[in-house]
Amino acid sequence: MKKQIFLLFLVFAWGREDFIDELEYGRKLYENPRGISCQKCHGAKGEGILIATYKSRGKDKKLIAPQINHLSLQTFIEKVNASEGLMPKYYLTDKEIQAIFNFLQSQ
Ligand code: HEC
């Protein structure tokens, strides 16, 4: 019986370690995917950042990288793949995007 509990513990610990590795992988991708950091624009935890303010035709304008840590996985993947506008196109796989998503959820 004791042996079984110990084995169960081992399996649990193992699973947990894989999970942490997975988050670490997501963190690395978020910080430096293909050499352009998501973090620089969206903030350390995906909270969104005001990148710049400028004037256009006499009006104050703001350049904002939106908050991205509250989206569903589906929306997150779609938006990263779409990356229209200012955001660079990354050509990340769905697995890579999911790893980034999981990392942001863990923050
Ligand atoms: C150069 C700055 C910049 C970088 C780097 C960047 N983004 Fe963005 N991102 C933006 C801006 C600005 C938007 C708003 C839409 C637009 O103008 O493209 C955006 C939009 C998004 C959205 C959609 C948010 C919404 O609610 O519509 C997601 C998700 C996202 N980015 C994730 C990422 C991820 C993940 C990375 C790294 C792989 C990344 N971004 C890198 C600037 C950036």
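All values derive from a computational prediction rather than experimental measurement. (Residues numbered from 1 in each chain as written. Predicted model: local features only at pLDDT ≥ 70, side-chain atom pairs only at ≥ 80, totals over all residues. Heavy atoms only, no water.)

**Student:** Any chance you could explain the coordination of the iron atom of the ligand here in plain terms?
**Tutor:** Around a metal, the idealised angle for a tetrahedral arrangement of four donor atoms is 109.5 degrees; for an octahedral arrangement of six donor atoms it is 90 or 180 degrees. Coordination sphere of the iron atom of the ligand, protein contribution only: His-42 (NE2) and Met-87 (SD), at 2.0 to 2.1 Å. One way to put it: the 6 donor atoms around the iron atom of the ligand meet at angles of 80 to 179°, and that makes the site octahedral. Placement of the pair is His-42 in helix H2 (residues 38-42) and Met-87 in the loop between helix H3 (73-82) and helix H4 (94-106), with a sequence separation of 45 residues. (Donors = N, O, S within 2.8 Å, 3.2 Å for Na, K, Ca; no water. Tetrahedral: all angles 85-135°; square planar, octahedral: opposite > 155°, others 65-115°. Helix = DSSP H or I, 4+ residues; strand = E, 2+ residues; numbered from the N terminus.)

**Student:** Is there a simple way to think about the side chain of Glu-96 in this case?
**Tutor:** Locating Glu-96 in the fold gives a position in helix H4. Judged by relative accessible area, Glu-96 falls into the buried class, the value being 11%. Among the polar contacts made by the side chain of Glu-96, one reaches the main-chain amide nitrogen of Thr-93 at a distance of 2.8 Å. In this structure Glu-96 touches Tyr-25, Leu-29 and Arg-34, once residues within four positions along its chain are discounted. (Buried < 20%, exposed > 50% of the residue type's maximum accessible area, 1.4 Å probe, protein only. Polar contact = N/O pair within 3.5 Å; in protein donor to acceptor, adjacent residues only side chain to side chain. Contact = heavy atoms within 4.5 Å.)

**Student:** Help me understand unusual backbone geometry in this model?
**Tutor:** The general pattern is negative phi for most residues beyond glycine and trans for most peptide bonds. For Arg-57, which is not glycine, the phi torsion reads 45° and is therefore positive. Checked against the element boundaries, Arg-57 lands in the loop between strand S1 (49-56) and strand S2 (59-65). Taking relative accessible area as the criterion, Arg-57 reaches 85% and is therefore assigned exposed. At Tyr-91, a position not held by glycine, the phi torsion is positive, near 55°. In this structure, Tyr-91 sits in the loop between H3 and H4. For Tyr-91, a relative accessible area of 64% corresponds to the exposed category.

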